[in-house]
Structures are given as C-alpha cells and as structure tokens.
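Spelled out, the chains give:
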Amino acid sequence: MRKIILADNAGFCFGVKRAVDIAISTKREQYKNKRIYTLGQLIHNNDVVKYLESKNIHAVDIKDIDKLNNNDIIIIRSHGISEDIIELLKSKNLNIVDATCPYVANIHKKVKEYSNRGYQIVIVGDKNHPEVIGINGWCDNKAIISKKGENLDNISGKVCLVAQTTEKQENWQKVLKIVSERAEEIIPFNTICNATEVRQKKADELSKEAQAIVVLGGHHSSNTTKLFEICKRNCENTIHVENSGEIPDELYKGKDNIIIGVAAGASTPDWIIKEAINKMSDEQKLEGMNEVIKMMDENEKKVYVGALVKGEIIQINEKAAFLNIGYKNDGILPLNEVTSDENVKLTDLFTVGEEIEAKVIKLKNEDNYVVLSKSELERDQGLKSIKDAFENKNSIKVLVKEAVNGGLVSNYKGIRVFIPASHVELYHVDDLNEYVGKELEVNIIEFTKRRNANRIVGSRREVLKAVKEEQENETWNSLEKDQVVEGQVKRLTNFGAFIDINGVDGLLHVSEISWGRVEKPSDVLKADEKVKVYILDIDKENKKLSLSIKKLMEDPWTNVEEKYPVGSVVLGKVVRFAAFGAFIELEPGVDALVHISEISHKRIAKPSEVLSIGEEIKAKILDVNKENKKIGLSIKEVEETVD
Ligand code: SF4
C-alpha cells in the first residue's frame, strides 16, 4: 500500500507567514481599493504570487521604483533590504510597510553595529540572494561573502561572521573554520534560522526512509533548492516541483508499495501541499498521512456554508471585522451581520485580537473573503434555546414588539414568538398595548420548524399558572388547623366569603363571621378587605379550608351571668318573632326570649300585635341559663315597675 508522508515543519515558516499576513492585512486595512506593491516577489512561489495579484498586491522591481507615485504603498518582504534602499524609498515619499522577518532584521542590526566598530563583516551565503544583498547593505556593501570557504584569502584583523538564514550548517562550519584560522579576532553569530534547520533535518530523515521525495516550492526559492539537495543525497528519486500539476504520473501511479515523502520550502502554502498529497494518494487507501495533513483536511472541511467557525480578529473598522479563521481565505464579518442598529460601530463591540464565533453564510465574496454572520449564529442559538425550552418545558424571556389582532408579537434573539391574547394573563386582558416594550417570561407551547417561517407560540399564562401552583403548594404546606392567618376577601356570596390566603382560597361561612346574626356576608365584609381568620379545618388532600372570624372573638355567653344578672332591667332590640314570643338581641350573639305571656298585661294573640322588628325595648331578666344559651325576659314586669 502506497504511503504518503509529509515531513514535519514543511511549508510556511514564521517569517514568511508573517510577511504574507502583513501584506494581506495592509491591503485590507487601509487600501482596500488601491493597488499596493511588494519590493520583489513577496515569496518565491508563483501560486502565492498569483494569489496576491488576485488581491491587487503586485511585485515591483527596484529599477521600476520611479513608476510609483507619492504615497503609494510598498511592502518590504521577509528577506529585508539594505539601508540605502530604505532611504531611496523614503526619498520617493512612498509609504513603507516593513515585513522583514525579525530574525533577518536582527542580522541587519548586528552587521551595522560591528561594522561601525571596525569589524570586517563576513556573510556565509549566496552572494546573489536578496537576503544576503540586503544584509550587505547594512555595512556599506563591504562584507566578504563566502558560501563554501571561497573569497577568504585576505581575511585578517577583527571579523564578525553571520549567515544567510537559509544556509546549510555544513557551509557555516566550513567558513567558520577558515575564518577562525585567519582572523585575529572573530565574533561569530550563527544566524541560520532554526526553522530552516529543523525543516532540513526533518526532510533529511524522511528522505532516508522514502523511495521517492517530492520537494514542493518555488524554483527560485533557495531554501527549497537546499531541501531538494539534502533529499537528493539520500534518495535518488527526488524531484523539485512548484505545485501538484508538475508531479509526473510515473512517480506514483502503479506504485502501490512505496513510501513517497513530501517536503516543502518556507514559501509553500498549505493548500499547495495538500493538493500534492491528494494527487498522489489513493483516496481509498490514504495511509500514512501525518497529523499536519489531517489538520489541514479538518480545517478545510470545517468551512462551509452553515458551519460555525472561530477566528481571531486581525483587523477591524466601523463597518466590518476581518478574522483569521484558519482557512485559506480570511473571514469578513459585516456590521449588518452583527446588529440591525445602524448607530452601532463594530469597533465599539470588538477589538483586534479578540476571538469570536460566527456562522459562515457565504464561502467566497467578490474579494475572496468567507462571509460570516453573528446574527445568524445568535438566531441558531436562539432557535436551539427555544426548542430546548419547548422540549423541556422551560421558560424563556421574550421582548414584546407589538400588539396585533389576537395577541402579542415578541422577539427572542431575533426570532418571532407569538403570544395569543388568551395566554397573556390568567385573566382576560382588554388592552394588549400596555405590554409593548415589556419583557415577559413565557413557556413555548408550540414549536413548528418550517422551511420558510417557523411557528413558535408562547404562553405567559402557563408560566403564571405554574408560579401560582407552586405558591399554592407552598401555602398548603404551611397552613395548619387552629392557625390564625391574614387573608383578603376575594368573593362574597350569600352563604359566605372566599378568603385568599397566599394564593389559596378558604371559605368563611356566614355563620363564622360573627357571634351576632349576619344576614349576608356583604353586610359586614367588603371585597379586597384584609381580614384575620382562624383556620377551623383544613383538608390538604382535597384542598378545602374552613375559616372563621367569630372564633377570634370572645363568646358573648362566657360571662353572661355577670353581664345580665337576674332581676336587672336591660335594653334590647326585637330581632325575630315566634308564635310563642319574641327574640330580643341584647348584644351580637346573645338573643333572649320574651315569652308571649310576658310581653303585655293585655291578652295578645301574637307578639307582632304590640312589638315590631327593630324596636328597642326594655325588659327584666327573669332567668339566665348559660349552658343552654337561654335568657328569659319580661317586658310586662318592667311596665309594672314603671307603673
Ligand atoms: S526562514 Fe527563518 S529567518 Fe527566514 S523568513 Fe523564515 S523565519 Fe525568518
């Protein structure tokens, strides 16, 4: 089975990636619609150069610099340039964006410093390489350049030794040895970049194991050429190509049992590596892919319309944020995909460096950006929360937008939730307008996902009902027989009053309102009036509660003998007639009887002949029977006394 193995550390190094990022973000940040320039090709890779050209970033040669206009943008690539070229660009009033790799810039500093201190600068590297030319420019172009030990005959005195960042270690050692022997003093700075060294080491290892090696990178890229040389030493069947299109079929077709290694120079982007591997891999038998490729694949698969992506904001203005989403194209998040409020600026909401999550709504706009939306993500999250609320019977808070025929239209994270009028309160509401602008807690009672418009119905009544039930349960649990509690008169009927006690209704029977006679509850109680009541009985299971106010008052019969001694004369009111006499109320709850024979000296057939209901009369206490709650009176005897 054919195995394709990608060498570790293949592809873009830190400095190259940084330069490409700087070029793209400069373009986007300040000069969206303007052509910008790089001094020489930004990297030695034609595919990347073409990609940059598609973004209106063009390479310009130093000899054509006069063709540029005042304030044009010029980007210095990762190789760096000499000090006098920088001065030249400045004199042309160009805007310089320096993408020199920090490692290379460090060499410039050292070379300038030691040259000023009288050291002869020796550079190990290729005299025609732009990086070496640039370094030489920081010591007035007086450096001796030696690749493998040549040009060192006249070395003497103090020497500062540096290297081209992509040079081979063995060349460095060779030159170092010669210079050490000839110079009086030597300050060596091995400036070969670790990225290059590691890349070379890994390619070297892989080429010992593989039967064929494909080195990917620009034909003019020196670090790729070096990779090719290293691999070729170990593996005769090594080729150097710029992209997958240049890989000959004979290299892999029909060769099922070989290992093909892939190495890539510092200027080779991920997508070129991936294309090459895909070309040589038998799709069904893709084995041996290392973690990098898996990651690349996964990254690519993660970006599609509808996908959720995370990215770091690399640039932002009032109307759009640009994100690195780990994909070949960056993402753009326009303001209208964050908020519909045109007064908001994106710069008030986000900052550069912040990581945010968004939904892909277009894979590529006219500027090759992946278009992202936060509003769509919020809508999705909102829909998910609503669905969860519906399935788990949880409540959500919605904002009422308008009152319409039949109910309220509300909004939850950009999603319409309708609340029918009958579901707004536990009672009927006449004017729904008072709810507009308010936040309401609702339960979702209908959730139907449709292709064009979802139907989502909320009920506040359900929430209120649940709250009420909970409150009622709490109240039922807290109430006990013989307790005295406060309640509110809710409803009055002829047989009694319903008293609300923390959401629970109890019945105060008319006979329990007072010790005195109460015709109907409304004679003594008013709706909404607060009253203290005594719990006569409680049936928690059947939710029945009997209340009494009377019980809270002293029984007027308790000390009736002291209050109404036999023989004394009392004042009372005629309240009722019977055939055998008239009942006289001495006080509420204490009625006494005047037998018909004790009403008058005259013979009367019925009490109403001489008495009328409500009339006040004087009478004498004849007897008091506390036990049977009976008091006998005589009107006749009072009259005699008066006579
Ligand atoms: S190889 Fe090293 S020095 Fe050269 S650009 Fe890349 S990171 Fe910078």
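It should be emphasised that the depicted structure is a prediction, and the values quoted were computed from it without experimental measurement.

1. Digging into the site of the ligand
What surrounds the ligand is a group of 14 residues, the closest being C13, G15, C101, T165 and C193. Counting residues per element, the ones that place at least two in the shell around the ligand are α1 (14-30), α4 (102-116) and α7 (194-209). A total of three residues in the shell around the ligand trace back to one element, the largest contributor, which is α1. Taken domain by domain, the shell around the ligand gets at least three of its residues from each of domain 1 (1-100 + 197-288) and domain 2 (102-192).

2. Let's talk about the pairing of strand β23 (residues 484-492)
Sheet analysis places β23 next to strand β26 (residues 530-539), joined by five bridges and oriented antiparallel. The residue of β26 that forms the bridge with E486 is K532. Pairing of β23 with strand β24 (residues 496-501) involves four bridges; the strand directions are antiparallel. For V489, the partnering residue across the bridge sits in β24 and is I499. Where β23 folds back onto β24 in an antiparallel hairpin, the turn is made up of three residues.

3. Digging into the environment of I332
Here I332 lies in strand β15 (residues 331-334). In this structure, the C-alpha to C-alpha distance between I332 and S373, residues 41 residues apart in sequence, is 8.6 Å. Excluding its chain neighbours within four sequence positions, the residues that come into contact with I332 are A320, F322, N365, Y369, V371 and L372.

4. Re the domain arrangement of the chain
One can read the domain layout of the chain as domain 1 (1-100 + 197-288), domain 2 (102-192), domain 3 (303-377), domain 4 (393-465), domain 5 (479-552) and domain 6 (560-642). Taken over C-alpha atoms, the centre of domain 2 sits 135 Å from the centre of domain 6.

5. Regarding the confidence of the model for the chain
Averaged over every residue, the pLDDT of the chain is 88; the share at 70 or more is 95%. Predicted confidence is poor over residues 283-293, with pLDDT under 50, and the contacts of this stretch with residues over four places away or in other chains come to 16 contacts.

6. A look at helix α6 (residues 169-182)
Taking 1.5 Å as the rise per residue, α6 with 14 residues should run 20 Å; its terminal C-alpha atoms sit 20 Å apart, in good agreement. For α6, the full list of buried residues reads N171, W172, V175 and V179. Burial along α6 is one-sided: seen end-on, the buried residues are contained in an arc of 100 degrees. Exposed and oriented more than 90 degrees from the buried face of α6 are E170, K177 and E181. Contacts made by the buried residues of α6 are with β6 (120-124), β7 (144-146), β8 (158-163) and β9 (185-188).

Criteria and thresholds
- The residue numbering used here restarts from 1 in each chain and proceeds along that chain's sequence as written.
- For a predicted model such as this one, the threshold for reporting local features is a pLDDT of at least 70, and the threshold for listing and counting side-chain atom pairs is 80 or more; totals across whole chains, interfaces and linings nevertheless cover every residue.
- As a rule, any residue with its backbone-derived C-beta atom within 6 Å of a molecule or strand is reported as near that molecule or strand.
- A run of DSSP states H or I qualifies as a helix once it reaches four residues; a run of E qualifies as a strand once it reaches two. Both are numbered from the N-terminal end.
- Annotation comment: domain bounds sourced from an automatic or database domain assignment.
- Two strands are counted as paired when DSSP detects at least two bridges linking them.
- Whether two residues are in contact is decided by their C-beta atoms, placed from the backbone, lying within 7 Å.
- pLDDT measures how confident the predictor is about each residue, on a scale from 0 to 100.
- What a helix should span is 1.5 Å times the count of its residues minus one.
- To sort residues by burial, count the other C-beta atoms lying within 10 Å of each one's C-beta; a count of 20 or more means buried, 12 or fewer means exposed, and anything in between means partly exposed. C-beta atoms are built from the backbone.
- The arc in question is formed by the directions pointing from the helix axis toward the C-beta atoms.

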